[in-house]
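Structural features, examined
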There are 2 protein chains.
Amino acid sequence: MPSSADERIARLEDLFASLPGLGPRSAARLVTELLGTRKSTAQAICRTLADALECVHHCPQCHTLTTQPVCDLCADRTRDASVVCVVETPADQKAVESTVAYRGGYFVLMGRVNPLEGVTPQELGVDKLVERIERENVREVVLATSYTAEGETTAHVLAGVLKKRFPELRVTRLARGLPSGVEIEYTDVATLSRAITDRR
Amino acid sequence: MPSSADERIARLEDLFASLPGLGPRSAARLVTELLGTRKSTAQAICRTLADALECVHHCPQCHTLTTQPVCDLCADRTRDASVVCVVETPADQKAVESTVAYRGGYFVLMGRVNPLEGVTPQELGVDKLVERIERENVREVVLATSYTAEGETTAHVLAGVLKKRFPELRVTRLARGLPSGVEIEYTDVATLSRAITDRR
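The rules behind the values
Residues numbered from 1 in each chain as written. Chains lettered and ligands numbered in written order. Predicted model: local features only at pLDDT ≥ 70, side-chain atom pairs only at ≥ 80, totals over all residues. Heavy atoms only, no water. Pairing = 2+ DSSP bridges. Helix = DSSP H or I, 4+ residues; strand = E, 2+ residues; numbered from the N terminus. Axes fitted to C-alpha atoms, helices over the stretch in contact; angles between N-to-C directions. Contact = heavy atoms within 4.5 Å. Salt bridge = Lys/Arg side-chain N within 4 Å of Asp/Glu carboxyl O. Buried < 20%, exposed > 50% of the residue type's maximum accessible area, 1.4 Å probe, protein only. Phe/Tyr/Trp six-rings, centres within 6.5 Å; stacked < 30°, edge-to-face > 60°. Lys NZ or Arg CZ within 6 Å of the ring centre and 35° of its normal. Left-handed = near helix turned anticlockwise from the far one by under 90°. Nonpolar A, V, L, I, M, F, W, Y, C, P; charged D, E, K, R; others polar. pLDDT = per-residue confidence, 0-100.

Let's shift gears to the sheet that holds strand β3 (residues 80-87) of chain A. Residue and element names in this part refer to chain A. The strand order β4-β3-β5-β6 describes an open sheet built from 4 strands, whose pairing is parallel. Only two strands of the sheet have a single partner each, and these edge strands are β4 (104-108) and β6 (170-173). Within the sheet, the average angular offset between the axes of one strand and its neighbour, ignoring direction, is 25°. Across the sheet, helix α6 (residues 126-135) is in contact with β3, β4 and β5 (140-143); its angle to β4 comes to roughly 160°.

In structure tokens, the structure reads:
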């Protein structure tokens, strides 16, 4: 443990600055506030985070965060076990669930492949997914990662791993095209050209 | 304590979202990463934050954060006790110190007056400052808060409190004008007009 106030504060700043979306300056401001005028928030974060770290773990089936042996969705026997939808985060899973258009299972990566930050497919639990495809005789995997550079990379890497291991497996991506309620005139070029290519 | 994983995660997200510079979406991403792929960082934050909250406290003289009974700077007997420079954060204090142009004492607010978030002058330790001015016979207070809306408000409110209490006290602000190494042509209008008004 560091000894002086400055060292403690510097260590906290470094830890926060290493998190996504926070730079050195915003981390410094955060730490000043946490130890200065927001001590009660800081104490609550300490308590809640320690508690969550102890109780919350990855679901052995779908890799999402849960406090139960298996998460609620995986415990639901009415879901179609032959299809697995791969999403990046629990928030993405909630978005897909809210459509009521999908009744299969999920696999939540809890991140995106990012070699620069050491986030490999293994880190995202791909071995668990492979084992599940084998065990439950899954016939389709829907790669519902974002259409951003990181999301596309993740989908590409996962598709490679799965196709190599299971040549018979159907690996799909969500359809791309015009969003609902949009006018052609105001659609960006990339979306429109994709919608023309994939027309049906 | 909340019971399910969702409740724990939602509580953590709310806590992080209440901090400056973090919105609901960035807080959600942060929590997913902390409990997912960055558990070791999360554990380190828990430990370091709990340790800092226990050992780090406000210096009774200048309100900055310290682990000692009095901070190093306040313990330094060679400083001129008759002048107090009021800064917003330890980072601002470091910036002023680095100039070597100032040899007086400091008062670190650890924040800015913000009535909407309940940050009053009292919250920022103004009573401690008033007591110190009385005790040490301070003759000048330099209000070195930022020239932003929040910083200006803070200076204005503090100047009001101090002037009312000590009519004889000299209350100053840092000089405003053109920064060093800048060309007149490329200076913004607000800075230039201020530099003309305050010409000497």
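Residue and element names in this part refer to chain A. As enumerated under the stated definition, the model contains 28 salt bridges over all chains in all. Its salt-bridge partner being R79, residue E97 comes within 2.7 Å of it at the nearest N-O pair. Separated by 18 residues along the polypeptide, E97 in helix α5 (residues 90-98) and R79 in the loop between α4 (72-75) and β3 bring together distant segments of the chain. Here R79 falls in the buried class, since its relative accessible area comes to 11%. One network of salt bridges, with partners in common, ties together E131, R132, R135 and E136.

On to the packing of aromatic side chains. Residues and elements named next belong to chain A. Scanning the model with the defined rule gives 2 aromatic pairs over all chains in all. With 5.3 Å between their ring centres and 65° between their planes, Y102 and Y106 make a pair best called edge-to-face. Taking relative accessible area as the criterion, Y102 reaches 15% and is therefore assigned buried. Of the residues examined, Y106 reaches a relative accessible area of 1% and is grouped as buried. Lying over the aromatic face of Y147, R176 brings its terminal NZ or CZ to 4.0 Å of the ring centre.

Let us now look at the packing of helix α6 (residues 126-135) of chain B against helix α7 (residues 149-165) of chain B. All names here are of chain B. Running from amino to carboxyl end, α6 crosses α7 at an angle of 35°, the nearest separation of the two axes being 11 Å. Handedness of the crossing formed by α6 with α7: right-handed. In this structure, α6 contributes V126, L129, V130, I133 and E134 to the contact, and α7 contributes L158, V161, L162 and R165. For the contact of α6 with α7, the per-class residue count stands at 7 nonpolar, no polar and 2 charged.

With that settled, the discussion passes to the confidence of the model for chain A. Summarising the model, chain A shows a mean pLDDT of 89, and 98% of its residues fall at 70 or more. Confidence estimates for the predicted assembly give a pTM of 0.72 and an ipTM of 0.73.

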